[in-house]
Amino acid sequence: MTDTIFHKIIRREIPADIVYEDDDLIAFRDIAPQAPVHVLFVPKATIPTLDDLTADTAAVVGRLHLAAARYAREQGFAQDGYRAVMNCNAHGGQTVFQLHLHLLAGAPLGRFGT
Ligand code: 5GP
């Protein structure tokens, strides 16, 4: 079974600045923020990468986005805007192999790419 730093955060084995949690997911601030707001939305079910998603587990991706959008509205930056992105495997820049959605906001963000 895959075990990552995010599983340890879910199990409260290491600390994190948790901003939201429900039965299916947890959200906490990134330890190395790339924007004034940088929160990670992580499913509790083990799904290493976007490439591991199946028809049975796909709904969790919608739940991650719903939670991120709700958080943005509640925090008052939805109108200004934000970026929600998932990295997949090496070329996508993924470093933690438990699916997660990055929510980046708080300033105009540069264009992404290479
Ligand atoms: P990835 O590169 O896999 O898309 O994103 C992983 C993210 O997890 C990175 O932005 C990294 O800063 C963050 N991260 C790695 N280890 C920890 C940790 O122990 N705590 C928190 N809060 N974030 C972490």
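Residues numbered from 1 in each chain as written. Predicted model: local features only at pLDDT ≥ 70, side-chain atom pairs only at ≥ 80, totals over all residues.

**Things to note about the confidence of the model for the protein chain**
- When pLDDT is averaged along the protein chain, the result is 96; 97% of the residues meet or exceed 70.
- Both scores are given for the predicted complex: the pTM is 0.97, the ipTM 0.99. (pLDDT = per-residue confidence, 0-100.)

**Observations concerning the site of the ligand**
- In the vicinity of the ligand there are 13 residues, among which Ile31, Ala32, Asn87, Thr95 and Val96 approach most closely.
- Taken together, the residues of the shell around the ligand sort by class into 7 nonpolar, 4 polar and 2 charged. (Near = placed C-beta within 6 Å. Nonpolar A, V, L, I, M, F, W, Y, C, P; charged D, E, K, R; others polar.)

**Brief notes about the pairing of strand β3 (residues 37-43)**
- Within β3, 5 of the 7 residues are buried, leaving the element largely enclosed by the surrounding structure.
- Taken together, the 5 bridges between strand β2 (residues 25-29) and β3 define a ladder with antiparallel strand orientation. Note on β3: the bridge partner recorded for Arg29 is Val39. (Buried ≥ 20, exposed ≤ 12 C-beta atoms within 10 Å, placed from the backbone. Helix = DSSP H or I, 4+ residues; strand = E, 2+ residues; numbered from the N terminus. Pairing = 2+ DSSP bridges.)

**Considering helix α2 (residues 59-75)**
- With 17 residues, α2 ought to run about 24 Å at 1.5 Å a step, and its terminal C-alpha atoms sit 24 Å apart, in line with that.
- Looking at α2, one finds that the buried residues are Val60, Leu64, Ala67, Ala68, Tyr71 and Ala72. Seen from one end, α2 has its buried residues packed into an arc of 135°, which puts them on one side. Turned more than 90 degrees off the buried face of α2, the exposed positions are Ala59, Gly62, Leu66, Arg70 and Arg73.
- The elements touched by buried residues of α2 are β1 (18-21), β2, β3, β4 (82-85) and β5 (101-105).
- Following α2 by one or two positions, Gly76 has its phi on the positive side, about 85°. (Expected span 1.5 Å × (residues − 1). Arc of directions from axis to C-beta. Contact = placed C-beta atoms within 7 Å.)

**Quick word on the environment of Arg29**
- Locating Arg29 in the fold gives a position in strand β2.
- Overall, the presence of 14 C-beta atoms within 10 Å leaves Arg29 in the partly exposed class.
- A sequence separation of 12 residues divides Arg29 from Asp17, and the C-alpha atoms of the two residues are 5.5 Å apart.

**Here's the deal with the nonpolar core**
- Ala27, Phe41, Ala68 and Leu103 are the most contacted members of the largest nonpolar core, which totals 20 residues.
- Sorting the residues of this core by element identifies α1 (5-10), β2, β3, α2 and β5 as the ones contributing at least two each.
- What Ala68 contacts, discounting residues up to four positions off in sequence, is Phe41, Ala84, Leu101 and Leu103. (Core = buried A, V, L, I, M, F, W, Y, C linked by C-beta atoms within 7 Å.)

**Description of the environment of Ala67**
- Within the element layout of this structure, Ala67 appears in helix α2.
- With 41 residues separating them in the primary sequence, Ala67 and Ile26 have C-alpha atoms 9.4 Å apart.
- Beyond its immediate sequence surroundings of up to four residues, Ala67 is in contact with Tyr20, Leu25, Ala27 and Phe41.

**Topic: the UniProt feature "active site" (unreviewed entry) in the protein chain**
- In this structure's numbering, the residues bearing the UniProt feature "active site" (unreviewed entry) are His100.
- Beyond its immediate stretch of four places on either side in the chain, His100 contacts Phe6, Leu40, Phe41, Val42 and Met86. (UniProt positions renumbered as here; feature names shortened; annotations may be inferred.)

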